Amino acid sequence: MAIPCYYSFRNLWTRRLTTVLTSLGMALVVFVFAATMMLAEGLQKTLVETGSYDNVVVIRKSANSEVQSGVERGQAAIVESLPEVATGPDGRPLLDKELVVLINLTKRGTDKPANVVIRGVGPDGLALRPQVRLVAGRMPRPGSAEVIAGKNIAERFQGGGIGESIRFGMRDWTVVGTFSAGTTGFNSEIWGDVDLLMQAFRRPVYSSVLFRLRDSSAFEGARELIEGDPRLTLEAKRETRYYRDQSEQMATFLRILGISLTLVFSVGAMIGAMITMYAAVANRITEIGTMRALGFGRLSILAAFILESLLLGLTGGMLGLFFSSFMQLITISTMNWQTFSELAFNFTLTFGIVWKSLLFSLIMGLVGGVLPAFRAARMNIVEALRAS
């Protein structure tokens, strides 16, 4: 087996141009497959990492997001009194009553409008989100028309930079700081004082209540108290679960789209590999006959040609992954279908995407090479030698 396999490997190197062209066709397919998977992974990672496992989001029942939710002040007070709510160093509950609304802002350089999330937060808004840190400027003064903007807002939208102003809620708001939230969705939000924002938007109710659990294992007890209280029409979710639900629909759509495009392109790549392998068999009839005459069996010839096609697929897969890895340097934005707001995120390459892409490339190589390999293995020794 070693000699036929080494012979196939050397043949790929000898026919470098054909090998490269066939591998590039497969690389394109793998690139599309990996890029769409990276897109879905990046979206899901951005939203899932937005949440904290120890935090609980309370919204109105049947509301898909904070934008669609409403929590009355009396209901928020009941949630605040739950024994499962953790307390801070000052003895106050680690809980924040928040307002979430959408406004329309214009993108820098394009003059195209997009929806942006405005989040009204209270004193504990930052304490509940340790991943959020101020990177420039200062925090807004309570009761003032000042806001801070996520780094994606500051970079991508007019009026989002420090010292600039944004008009919404029938007044002008000055951006006094920029914050970074790592790879989370908070980077695409603008934060301000919740009470002032409720007055500006004439909202009598909060959008959500966020609190930290005293004990992470106490979530089920807290959820039962909230959802079983007849005074409340609310539901509770772990913050990680809430944001995972936000990403599920869009991520599923991207994966289906990616797989559909990949299947269409892979047909052409497999046909190209099959043509290449048939040509290899046709050009090496005499060599195949010689190996059979030297005592190599049909199985050895079959394995050698299948290995050759697998190597073609693997080469294409590695090239496709190499080029797709550079997509991680790109930041893109799309609409969050749950909140209808713009969300910026990066492509994310994971080990799972790497092995799935390589496996897919090997399958393409196998499918493209199996018929030519059987043709080579079934070749008659005498007829093959006569072809010389």
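Conventions adopted
Residues numbered from 1 in each chain as written. Predicted model: local features only at pLDDT ≥ 70, side-chain atom pairs only at ≥ 80, totals over all residues. Heavy atoms only, no water. Helix = DSSP H or I, 4+ residues; strand = E, 2+ residues; numbered from the N terminus. Buried < 20%, exposed > 50% of the residue type's maximum accessible area, 1.4 Å probe, protein only. Areas by Shrake-Rupley, 256 points an atom, 1.4 Å probe, with all protein chains shown as cover. Core = buried A, V, L, I, M, F, W, Y, C linked by side-chain atoms within 4.5 Å. Contact = heavy atoms within 4.5 Å. Arc of directions from axis to C-beta. Polar contact = N/O pair within 3.5 Å; in protein donor to acceptor, adjacent residues only side chain to side chain. Phe/Tyr/Trp six-rings, centres within 6.5 Å; stacked < 30°, edge-to-face > 60°.

Engineer: Looking at this structure, I do not really get the overall build of the chain. What am I missing?
Structural biologist: Per the secondary structure count, the chain includes 11 helices and 12 strands. Burial statistics for the chain: of 388 residues in total, 50% are counted as buried. Total accessible area on the chain is roughly 18,000 Å²; 61% of this is exposed by carbon and sulfur atoms.

Engineer: I'm lost on the nonpolar core in this one. Help?
Structural biologist: Note that soluble globular proteins tend to have their nonpolar side chains buried in a common cluster. Within the largest apolar cluster, 42 residues are counted, with the highest numbers of intra-cluster contacts made by Val58, Val79, Phe168, Ile190, Phe211 and Ile226. With sequence-adjacent residues up to four places away left out, Phe168 is seen in contact with Ile103, Ile118, Val147, Trp173, Leu197 and Phe201. Residues Val30, Ala34, Leu39 and Leu43 belong to the second largest nonpolar core, which totals 21 residues.

Engineer: What's the story with helix 6 (residues 219-228) in this structure? I'm lost.
Structural biologist: Think of an α-helix as turning once every 3.6 residues; residues three or four places apart then point the same way. Buried within helix 6 are the following residues: Phe219, Ala222 and Ile226. Projected down its long axis, helix 6 carries its buried residues within an arc of 70°, all on one side. Within helix 6, the exposed residues directed more than 90 degrees away from the buried face are Glu224 and Gly228. Elements that come into contact with the buried residues of helix 6 comprise strand 1 (55-60), helix 3 (73-80), strand 9 (208-212) and strand 10 (234-238).

Engineer: I keep staring at the side chain of Asn55 and nothing clicks. Help me out?
Structural biologist: Structurally, the position occupied by Asn55 is in strand 1. By relative accessible area, which is 0% here, Asn55 ends up buried. Engagement of the side chain of Asn55 in a polar contact is seen with the backbone oxygen of Leu128, the distance being 2.8 Å. Within the local environment of Asn55, its side chain forms a polar contact with the side chain of Arg212, the two groups lying 3.3 Å apart. Not counting residues within four places of it along the chain, the set of residues in contact with Asn55 comprises Leu128, Leu210, Phe211, Arg212, Lys237, Arg238 and Glu239.

Engineer: I tried to follow the packing of aromatic side chains on my own but got confused; where do I start?
Structural biologist: The description of an aromatic ring pair uses the distance of the two centres, along with the angle that the planes make with each other. On inspection of all chains with the given rule, the structure shows 7 aromatic pairs. Considering the side-chain rings of Phe168 and Trp173, the 5.1 Å spacing of their centres and the 0° angle between planes classify their relative orientation as stacked. Exposure remark for Phe168: the relative accessible area of 5% places this residue in the buried category. Where Phe168 meets Phe201, the ring centres are 5.7 Å apart and the plane angle is 15°; that geometry is what we call stacked. With Phe168 in strand 6 (residues 165-168) and Phe201 in the loop between helix 5 (194-200) and strand 9, the pair connects residues that are 33 residues apart, well separated along the chain. Grouping residues by exposure puts Phe168 and Phe201 together as buried.

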